[in-house]
Amino acid sequence: LRPVLDDAIKAGELLAKAKELVPYRDWSNWLSGLRLTQRTAHGYMTCYRFKSQRPVADIGIREFLEFVRRAKYHDREQERQQTRDALAKARGTT
């Protein structure tokens, strides 16, 4: 069974709290004890961190992570364009 997004968000919340308590050097081993890879744990924690950006109720975990990835890329591109525009303006080459 594939976990639903609500379950991934809850798991991500619990993992984020646990990560604050587990020493950095022990994190990978701690996850192994749960039979989780770092990639899976990171995906669940990403779902938790970006839960407020959830577009629709019936989206899957992979689709949501792709949505987050694209949104983050779009935000970075906007920041880069703003920086380029500010530099051009400062140089007087608008």
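My aim in this report is to walk through the structure given alongside it, one point at a time.

Each value, and the rule that gives it
- Residues numbered from 1 in each chain as written.
- Predicted model: local features only at pLDDT ≥ 70, side-chain atom pairs only at ≥ 80, totals over all residues.
- Heavy atoms only, no water.
- Helix = DSSP H or I, 4+ residues; strand = E, 2+ residues; numbered from the N terminus.
- Expected span 1.5 Å × (residues − 1).
- Buried < 20%, exposed > 50% of the residue type's maximum accessible area, 1.4 Å probe, protein only.
- Contact = heavy atoms within 4.5 Å.
- Core = buried A, V, L, I, M, F, W, Y, C linked by side-chain atoms within 4.5 Å.
- Axes fitted to C-alpha atoms, helices over the stretch in contact; angles between N-to-C directions.
- Parallel < 35°, antiparallel > 145°, perpendicular 65-115°, else oblique.
- Salt bridge = Lys/Arg side-chain N within 4 Å of Asp/Glu carboxyl O.

## A short note on helix H1 (residues 5-21)
- Compared with an ideal rise of 1.5 Å per residue, which puts 17 residues at 24 Å, H1 spans 25 Å between its outermost C-alpha atoms and is within 8% of the ideal.
- Buried within H1 we find Leu5, Ala8, Ile9, Gly12, Glu13, Leu15 and Ala18.
- Buried residues along H1 sit against helix H2 (27-33), helix H3 (38-49) and helix H4 (61-91).

## Concerning the nonpolar core
- Within the largest apolar cluster, 17 residues are counted, with the highest numbers of intra-cluster contacts made by Leu5, Leu15, Trp27, Cys47, Ile61 and Phe64.
- Elements with a minimum of two residues in this core: H1, H2, H3 and H4.
- Here the element with the most residues in this core is H1; it accounts for 5 residues.

## Some remarks on the packing of H1 against H3
- With their axes 7 Å apart at the nearest point, H1 and H3 run at an angle of 105° to one another. Overall, the two elements H1 and H3 adopt an arrangement that is roughly perpendicular. Residues Leu5, Ala8, Ile9, Ala11, Gly12, Glu13, Leu15, Ala16 and Lys19 of H1 touch H3, and the partners they reach there are Ala41, Tyr44, Met45, Cys47 and Tyr48.

## So, the environment of lysine 72
- For lysine 72, the location among the structural elements is in helix H4.
- You can call lysine 72 partly exposed: its relative accessible area is 36%.
- Measuring from C-alpha to C-alpha, the distance between lysine 72 and lysine 19 comes to 23 Å, with 53 residues separating the pair along the chain.

## Re the pattern of salt bridges
- Applying the stated criterion across every chain, the model contains 5 salt bridges.
- With a shortest N-O distance of 3.5 Å, lysine 17 and glutamate 13 are connected by a salt bridge. Highlighted residues: lysine 17 and glutamate 13, both in helix H1, separated by 4 residues, approximately one helical turn.
- The partly exposed category is assigned to lysine 17, whose relative accessible area is 48%.
- Judged by relative accessible area, glutamate 13 falls into the buried class, the value being 19%.
- The residue glutamate 66 makes a salt bridge to arginine 70 at a minimum N-O spacing of 2.7 Å. Taken as a pair, glutamate 66 and arginine 70 lie in helix H4 at a separation of 4 residues, close to a single helical turn.
- Here the salt bridges share partners, and the residues they tie into one network are Lys10, Glu13 and Lys17.

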